[in-house]
Structure formats: structure tokens, C-alpha cells
Amino acid sequence: MLKGRNLINPDDLSVDEIYEIMTLAQKIIKSPMEYSNICKGRILGTLFFEPSTRTRLSFEAAMHRLGGSVIGFSESASSSTSKGESLSDTIRTVCAYSDIIAMRHPKEGSAHLAASVTTVPLINAGDGGHYHPTQTLTDLLTIIESKNTFDNLTIGLCGDLKFGRTVHSLLKTMKKFENNKFILISPTELKIPNYVKALAFKGDDEYVEVEKLEDVIDQLDILYMTRVQKERFFNEADYVRLKDSYILNSKKMQMAKKDMIVLHPLPRVNEISVEVDEDPRAVYFDQVKYGMYARMSLIIKLLGEEIC
Ligand code: NCD
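Summarised in this report is the structure supplied together with it. Nothing here was measured: the structure is a model prediction, and the numbers come from that model.

### Focus: the environment of Ser74
Mapped onto the elements, Ser74 comes out in the loop between strand E2 (69–73) and helix H3 (87–97). Remark: the alpha-carbon pair of Ser74 and Leu57, spanning 17 residues in sequence, is separated by 10.0 Å. Apart from the residues lying within four places of it in its own chain, the contact partners of Ser74 are Phe48, Glu50 and Arg56.

### Some words on the side chain of Glu60
Along the chain, the position of Glu60 falls in helix H2 (residues 54–65). With sequence-adjacent residues up to four places away left out, Glu60 is seen in contact with Leu44, Thr46 and Val70.

### Some thoughts on the site of the ligand
Taken together, Thr55, Arg104, His132, Gln135, Arg165, Thr166, Arg227, Gln229, Pro265, Leu266 and Pro267 make up all the residues around the ligand. Thr55 places a polar side-chain atom, nitrogen or oxygen, 2.8 Å from an oxygen atom of the ligand. The contact in question runs from an oxygen atom of the ligand to an N or O atom on the side chain of Arg104, over 3.0 Å. When the ligand sits alone it has 310 Å² of accessible area, and the protein chains cover 94% of it. Looking at the shell around the ligand residue by residue, the classes come out as three nonpolar, five polar and three charged.

### A look at the nonpolar core
By size, the foremost hydrophobic cluster in this structure holds 58 residues, and its most contacted members are Leu157 and Met174. Look past the residues within four positions of Leu157 in its chain and what remains in contact with it is Val167, Leu170, Leu171, Phe182, Ile183, Leu184, Ile185 and Tyr224. One finds Cys158, Val216, Met260 and Val276 within the second-largest nonpolar core, a separate group that totals 21 residues.

### Digging into the pattern of salt bridges
Across all of its chains, the model carries 21 salt bridges by this definition. One salt bridge connects Arg165 with Glu50, and the closest N-O pair in it is separated by 3.0 Å. Here Glu50 lies in the loop between strand E1 (43–48) and H2 and Arg165 lies in helix H6 (residues 165–174), a separation of 115 residues in the sequence. Of the two residues examined, Arg165 and Glu50, each falls in the buried class. A single network of salt bridges, built from pairs that share partners, joins Glu50, Arg165, Arg227, Glu231 and Arg232.

### Focus: helix H5 (residues 133–147)
A rise of 1.5 Å per residue sets the reference length of H5, with its 15 residues, at 21 Å; its end C-alpha atoms lie 20 Å apart and thus fit the reference within 8%. Positive phi shows up at Asn148, right after H5, with a value of about 65°.

### Some details on the packing of H5 against H6
Contact geometry for H5 and H6: axes closest at 8 Å, N-to-C directions at 60°. The orientation of H5 with respect to H6, classified from their angle, is oblique. With respect to the hand of their crossing, H5 and H6 are arranged in right-handed fashion. Across from Pro133, Gln135, Thr136, Asp139, Leu140 and Ile143 in H5, the residues of H6 making contact are Thr166, Ser169, Leu170, Thr173 and Met174. By residue class, the composition of the contact of H5 with H6 is five nonpolar, five polar and one charged.

### A closer look at the sheet that holds E2
The strand order E2-E1-E3-E4 describes an open sheet built from four strands, whose pairing is parallel. Both edges of this open sheet fall to E2 and strand E4 (122–127), since each of them pairs with a single strand only. Along the sheet, successive strands turn relative to each other by an average axial angle of 15°, direction set aside. As defined by bridge partners, E1 adjoins strand E3 (residues 100–105) across five bridges and the pair is classed as parallel. Counterpart to Thr46 in the pairing with E3 is Ala102. Relative to the sheet, H3 contacts E1, E2, E3 and E4, its axis offset from that of E3 by approximately 150°.

### Re H2
Spanning twelve residues, H2 covers 15 Å between terminal C-alpha atoms, matching the ideal 16 Å at 1.5 Å per step. Directly after H2, the chain includes Gly67, whose backbone phi takes a positive value near 90°.

### Observations concerning the packing of helix H1 (residues 15–30) against helix H10 (residues 284–303)
How two helices sit against one another is set out by the angle between their axes and by the gap between those axes. The interhelical angle for the contact between H1 and H10, taken along N-to-C directions, is 120°, at an axis separation of 8 Å. Classified by chirality, the crossing of H10 by H1 is right-handed. Two secondary-structure elements touch here, H1 through Glu20, Ile21, Leu24, Ala25, Ile28 and Ile29 and H10 through Tyr290, Tyr293, Ala294, Met296, Ser297, Leu298, Ile300 and Lys301. Partitioning the contact of H1 with H10 into residue classes produces eleven nonpolar, one polar and two charged.

Rules used throughout
Residues numbered from 1 in each chain as written. Predicted model: local features only at pLDDT ≥ 70, side-chain atom pairs only at ≥ 80, totals over all residues. Heavy atoms only, no water. Helix = DSSP H or I, 4+ residues; strand = E, 2+ residues; numbered from the N terminus. Contact = heavy atoms within 4.5 Å. Near = heavy atom within 4 Å. Polar contact = N/O pair within 3.5 Å; in protein donor to acceptor, adjacent residues only side chain to side chain. Areas by Shrake-Rupley, 256 points an atom, 1.4 Å probe, with all protein chains shown as cover. Nonpolar A, V, L, I, M, F, W, Y, C, P; charged D, E, K, R; others polar. Core = buried A, V, L, I, M, F, W, Y, C linked by side-chain atoms within 4.5 Å. Buried < 20%, exposed > 50% of the residue type's maximum accessible area, 1.4 Å probe, protein only. Salt bridge = Lys/Arg side-chain N within 4 Å of Asp/Glu carboxyl O. Expected span 1.5 Å × (residues − 1). Axes fitted to C-alpha atoms, helices over the stretch in contact; angles between N-to-C directions. Parallel < 35°, antiparallel > 145°, perpendicular 65-115°, else oblique. Left-handed = near helix turned anticlockwise from the far one by under 90°. Pairing = 2+ DSSP bridges.

Listed below in C-alpha cells is the structure:
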């Protein structure tokens, strides 16, 4: 039963609950008008203490498409945080106005803190370099629509695996399905943190770590590209040195399987050349739309279909 729950960490959802959210999202894709009034009278609070285009707008579009409304802010400078208000007090306040909250915050663990005081379902829309569970639902919907399965896949995660919260969430989630193989592609400095490895994998034989995309691209069913997370670096020189570690172009795509799909949570910087956009295997702009449907489904489930 998802009604009334928070979504903070990808582990908050069981495999059955993930399928439940996916099934509803696929129904919404087929007949969106059937859901266009289901959240009438309900209010989503969007609290974005960190920049966002897709996540915030897709949450807002999702609630509007369900017939509900949205309040919120898109930067902490326009909230009372700039006057020194604590996160707990902001959450208590927004709970008085909203039926459900989506929050993004630059600090790891902030979503846990917010969850400890909220009285309405709270969705973590990204907490620092930690987790981003609704991007994972977006990724999963893209995968099920393109591949029709979550099992028996070889998944390459490429780029900034250290700070990339979408990678941490997706990895933990895809591990729950059957017989998936993981190839972690990053420069040494941007390898996946040990705490994520320890949570996702039972042994060192469950994944492979490599530095060169060209060495493994032909093995992949899914290539998940990510940008180097400039805002989480302590030192500009390190960012400049690492930012162009990977550039996926048409030449590299020629080495890949005919049915490999390329995902990217976006925003893209330089890591995928625009020439790849025309390749039918590039599904990252479809992924943007699936993000809205995945969030529509999640909102309905957390609010409880019958009360919407
Ligand atoms: C991602 C994020 O915010 O973590 N973007 C998103 O939500 N679609 C990825 C990123 O910023 O690189």
C-alpha cells in the first residue's frame, strides 16, 4: 500500500510496488484523459532549494494533468530560508498548505530530515549527491517501454559515478531485478563511492569497473550517460580536467548493438554529441516525457487513488 508514504530512498519501494507504479504509468500513457481530474482539489508543494528544469516542471505538469494544482518555489533565495528559517520549519509550514510535497535540496540527508517532520507524503526530488528516486522511476519507465523487461540486461553507467545521484539510485534499483550485469565506466577520480557499492552489491564479482567506454560499448543493452557534476566539485581545476572524459558520438555508436538504448537524465553538457540525437537508439528525449507519466503515477499512488 503506497498511500500516505514518503519516497526518500530508492529502497523505499519494493519490486512489486515498482511494477505497480509502472503499470499505472503505462495506463496513463494509453488513456491520459481518464486521469485528468483524479487529483482535483489536491495541491502539490514543490520546494526546490537547488536548480532544476525537468524534475520540477515534470512534477508540476504531472499534477496539472491530474487536475490538481501546484504551489512552491524554485530557488531558496525566494523562500524564508534566506531569512534563516530551518528546513523543518519550512516543511511544517508547507504541510499546512499542501497534500503532497516534492523537495530538492543540495544537502545529502536533507530528505530524511524533512521526512521526520512532514505530515503529508514527501518525495525526494534529489538530495545532493545522494539519491534521486523519481529519476529512477523515469529511467525504469523508459526501460520497460523500450526493452519490455527489467531483467537479463547488461547496463553500462558512464561518467560521474561519484556524485551522480541518478546513478546511485538506478544502480540500487536495477540490482533488485533478475540477472542484470553492471559495467561501471568512469575515470578513477569519479568511481562509484564505496558506500553505494556496499549497499548495491554483495561481492566484487557482481560488477566490472572500466575507464574506456570503447572497450565495453559493444556488450551493452543500456548505456546510461551522465554529466560531470560541476556543482559538487571542491576544486574548479579538477572539474576542468575531468569534464570531457567521455563524449559519445556517432563513431562510438557504430560499435554498439543495434538495439542498445542510450539514456541520460539530462541536462547534457558535452558528453553526448548532438549528432547522436538522430540515432533511434537515443531515447533521452523520450525519457523526459516518461518522467512526467512516472510522476503522475507516483502522485496518484501516494495520495491514494480513492481520495484523489
Ligand atoms: C539530474 C539531477 O538533478 O541529478 N537531473 C535530473 O533530475 N533530470 C542529473 C544531473 O543534474 O546531472
